[in-house]
Amino acid sequence: MVNKKIVLNVCGVKSLGGLKLFLESFDYFAESGNKLIVLYSELPFYKDLQNQFLDSELVKFVYVKQKRFLHPYLNFFLSRSTKEKINSSNAIIHYGNFGFKTKIKSFVLIQNVLPLVKNDFRNSLLRYFILRSSKISDHVLVQLEHLKDYLPVEERNKIIEIGEIVEKSVPLSNTNGGIVCFGSEIPNKNFQFILKALKNISNRNRITIINPVSNIKEFSCVTTSNNAETMKILSENEIYFHASNFETVGLPLYEAQELGLKVVAPSSPYTQYFDKDSTFLYEVNNVNDAVEKINLAIESKSKNIQALNYSENWAKVLGLI
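All residue numbers here refer to positions counted from 1 along the written sequence of the relevant chain. Only residues with pLDDT of 70 or above have their local features reported here, since the model is predicted, and side-chain atom pairs are shown and tallied only from 80 upward, although totals for entire chains, interfaces and linings are computed over all residues. Think of the side-chain values as coming from all heavy atoms in the structure, minus any hydrogens and water.

### A closer look at the sheet that holds strand β10 (residues 207-210)
Then step 1. When DSSP locates at least two bridges between a pair of strands, those strands are taken to pair. Secondary structure is summarised from DSSP: a helix means a run of H or I of at least four residues, a strand means a run of E of at least two, and numbering begins at the N terminus for each. The 6 strands lie next to each other as β11-β10-β9-β12-β13-β14, forming an open sheet whose pairing is parallel. Two strands close off the open sheet at either side, each with one partner strand: β11 (220-222) and β14 (279-282). Across the sheet, the mean angle separating the axes of adjacent strands is 25 degrees when strand polarity is ignored.
Then step 2. As defined by bridge partners, strand β9 (residues 179-182) adjoins β10 across 4 bridges and the pair is classed as parallel. The residue of β10 that forms the bridge with isoleucine 179 is isoleucine 207.
Then step 3. Only heavy atoms enter the contact rule, under which two residues are in contact if any of them lie within 4.5 Å. Interaxial angles span 0 to 180 degrees and are taken between N-to-C directions of axes, which are lines fitted to C-alpha atoms, for helices over the stretch in contact. In the packing of helix α5 (residues 191-198) onto the sheet, the strands contacted are β9, β10, β12 (239-241) and β14, and the crossing angle to β9 comes to about 160 degrees.

As structure tokens, this is what we get:
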């Protein structure tokens, strides 16, 4: 395989999910021997990553100081030398939902589904930039099949699905009736709905909320500082309760199942991939149905979980560069 020169545009990417996805692709492209140029705008994390490659001939970092709203038009603001480096590369991958025009093959990754389904001002503006980027890019990357339905029909021939799902049987981790969920201020995570449902569960002393914004007296609240601590708390329970209205992937669902937990989640496009015997799906925003499905999960005597393992196949992308 001939090694390539690839630009990775991670300007604006700072969420944990977005960083994890970028790092996995970064490792793959770097280990394949390609020369990489990383455009970044979020200082703390990327500065740490940059320090690991100070003497590398294969990886170069370029700091972009422009504000997020200018990122779709970076071709007007980057220095001439940076633009020359970009346009002499083989391809550019835009990770933050939208990118800017270049003279080379371009890929745009749709990481956030909310702008495609929400109609408030901010998301409408983001949707415009996402659809603009989809139109000017050679390829549109999505993680799972359900995301294709949110994009215009005329752009679907450009779509590459990089997510892959493999099913495996995992022993049930616990039979203690413990229920665990995440706290969040983000409206889409539907935390107030979670609280309404959990207040209708009889054994509240078995309920654990990870990282709530403030302590909630009725339940056990735990603060974790890293992924290992979070996984440990999850593994100590029997049921993972999820309530997001929309997800691009919904990684906590997959992580909980791999740990051997039963999953209770809304019946939504992003949960269509899950085995119905190990996943208890309730009607979206129906508290009574959610409580019923939690109780069914508690009563379920299944000894194994048909868990889904999610990963991303970046070889599909490299093969097109």
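### Observations concerning the pairing of strand β1 (residues 5-9)
Then step 1. Exposed residues in this analysis have more than 50% of their type's maximum accessible area, buried residues have under 20%, and partly exposed residues fall in between, with area computed by a 1.4 Å probe over protein chains only. By the criterion of burial, β1 is predominantly enclosed, with 4 of the 5 residues buried.
Then step 2. Bridge count between β1 and strand β2 (residues 35-40): 5 bridges; the pairing is parallel. Across the sheet, lysine 5 pairs through a bridge with lysine 35, a residue of β2.
Then step 3. Looking at chain direction, β1 and strand β4 (residues 91-94) are connected through 4 bridges and run parallel. Looking across to β4, one finds that valine 7 is bridged to isoleucine 92.

### Re the nonpolar core
Then step 1. Throughout this description, the term nonpolar core refers to a set of buried Ala, Val, Leu, Ile, Met, Phe, Trp, Tyr and Cys residues connected via side-chain atoms within 4.5 Å. Membership of the largest hydrophobic core comes to 28 residues, with the highest contact counts inside it found for Leu8, Phe29 and Tyr95.
Then step 2. A total of 5 residues in this core trace back to one element, the largest contributor, which is helix α1 (residues 16-31).
Then step 3. Once residues lying within four places of it in the same chain are set aside, the contact partners of tyrosine 95 are Leu8, Asn9, Val10, Val13, Leu21, Phe22, Ser25, Phe29, Leu109, Gln111 and Trp314.
Then step 4. Core analysis: the next-biggest nonpolar cluster, separate from the first, contains 23 residues, Cys181, Leu195, Ala290 and Ile294 among them.

### Brief notes about the packing of α1 against helix α2 (residues 43-51)
Then step 1. Contact pair α1 / α2: the axes reach a minimum separation of 13 Å and the direction vectors enclose 20 degrees. By the angle between their axes, α1 is roughly parallel relative to α2. Handedness of the α1/α2 crossing: right-handed. For the pair α1 and α2, contact is made by Leu19, Phe22, Leu23 and Phe26 and by Phe45, Tyr46 and Leu49, respectively.
Then step 2. Looking at the contact of α1 with α2 residue by residue, the classes come out as 7 nonpolar, no polar and no charged. Roughly parallel covers angles under 35 degrees, roughly antiparallel covers those over 145, roughly perpendicular covers 65 to 115, and oblique covers all other angles. Here a crossing is taken to be left-handed if its near helix is turned anticlockwise relative to the far helix by less than a right angle, and right-handed if that turn runs clockwise. In this classification, the charged set is Asp, Glu, Lys and Arg, the nonpolar set is Ala, Val, Leu, Ile, Met, Phe, Trp, Tyr, Cys and Pro, and all remaining amino acids, among them Gly, are polar.

### Looking at α5
In an α-helix, one turn spans 3.6 residues, which is why side chains three or four residues apart end up on the same side.
Then step 1. Where burial is concerned, most of α5 is hidden: 6 out of the 8 residues are buried.
Then step 2. Taken together, the buried residues of α5 touch β9, β10, β12, β14 and α8 (287-299).

### Examining the pairing of β10
Then step 1. Both faces of β10 are covered, namely the face carrying Ile207 and Ile209 and the face carrying Thr208 and Ile210.
Then step 2. Classification remark: right-handed applies to a crossover when, strands pointing away from the viewer, the course from the first strand over the helix to the second runs clockwise. With α5 bridging β9 and its parallel neighbour β10, the resulting β-α-β unit is right-handed.
Then step 3. For β10 and β11, the ladder comprises 3 bridges, and the chain directions are parallel. Bridge pairing in β11 links isoleucine 210 to valine 222.

### Some remarks on the side chain of serine 25
Then step 1. By secondary structure assignment, the location of serine 25 is in helix α1.
Then step 2. By relative accessible area, which is 0% here, serine 25 ends up buried.
Then step 3. Polar contact is defined as a pair of N or O atoms within 3.5 Å, subject to the rule that within protein one atom must be able to donate a hydrogen and the other to accept it, and that residues adjacent in sequence are counted only when both atoms are side-chain atoms. Polar contacts involving the side chain of serine 25 include one to the main-chain carbonyl oxygen of phenylalanine 22, which spans 2.8 Å.

### Some points on the packing of aromatic side chains
Then step 1. The aromatic pairing rule takes the rings of Phe, Tyr and Trp, using the six-membered ring of Trp, and pairs them if the centres are within 6.5 Å, calling planes under 30 degrees apart stacked, those over 60 edge-to-face and the rest tilted. By the definition in use, this model includes 19 aromatic pairs.
Then step 2. Each ring, one from phenylalanine 26 and one from phenylalanine 53, has its centre 5.3 Å from the other, and the planes form 75 degrees; the classification is edge-to-face. Of this pair, phenylalanine 26 sits in helix α1 while phenylalanine 53 sits in the loop between α2 and β3 (59-63), placing them 27 residues apart in sequence.
Then step 3. Relative to tryptophan 314, the ring of tyrosine 95 lies with its centre 6.0 Å away and its plane at 40 degrees, an arrangement referred to as tilted. One end of the pair, tyrosine 95, is in the loop between β4 and β5 (105-109); the other, tryptophan 314, is in the loop between β15 (304-312) and α9 (315-318), and 219 residues separate them in sequence. In this structure, tyrosine 95 and tryptophan 314 share a single accessibility class: buried.
Then step 4. Three or more aromatic residues joined by ring pairs form one cluster here, namely Phe22, Phe26, Tyr28, Phe29, Tyr40, Phe45, Tyr46, Phe53, Phe61, Tyr63, Tyr95 and Trp314.

Spatial relationships are all this shows, so hold off on functional conclusions.
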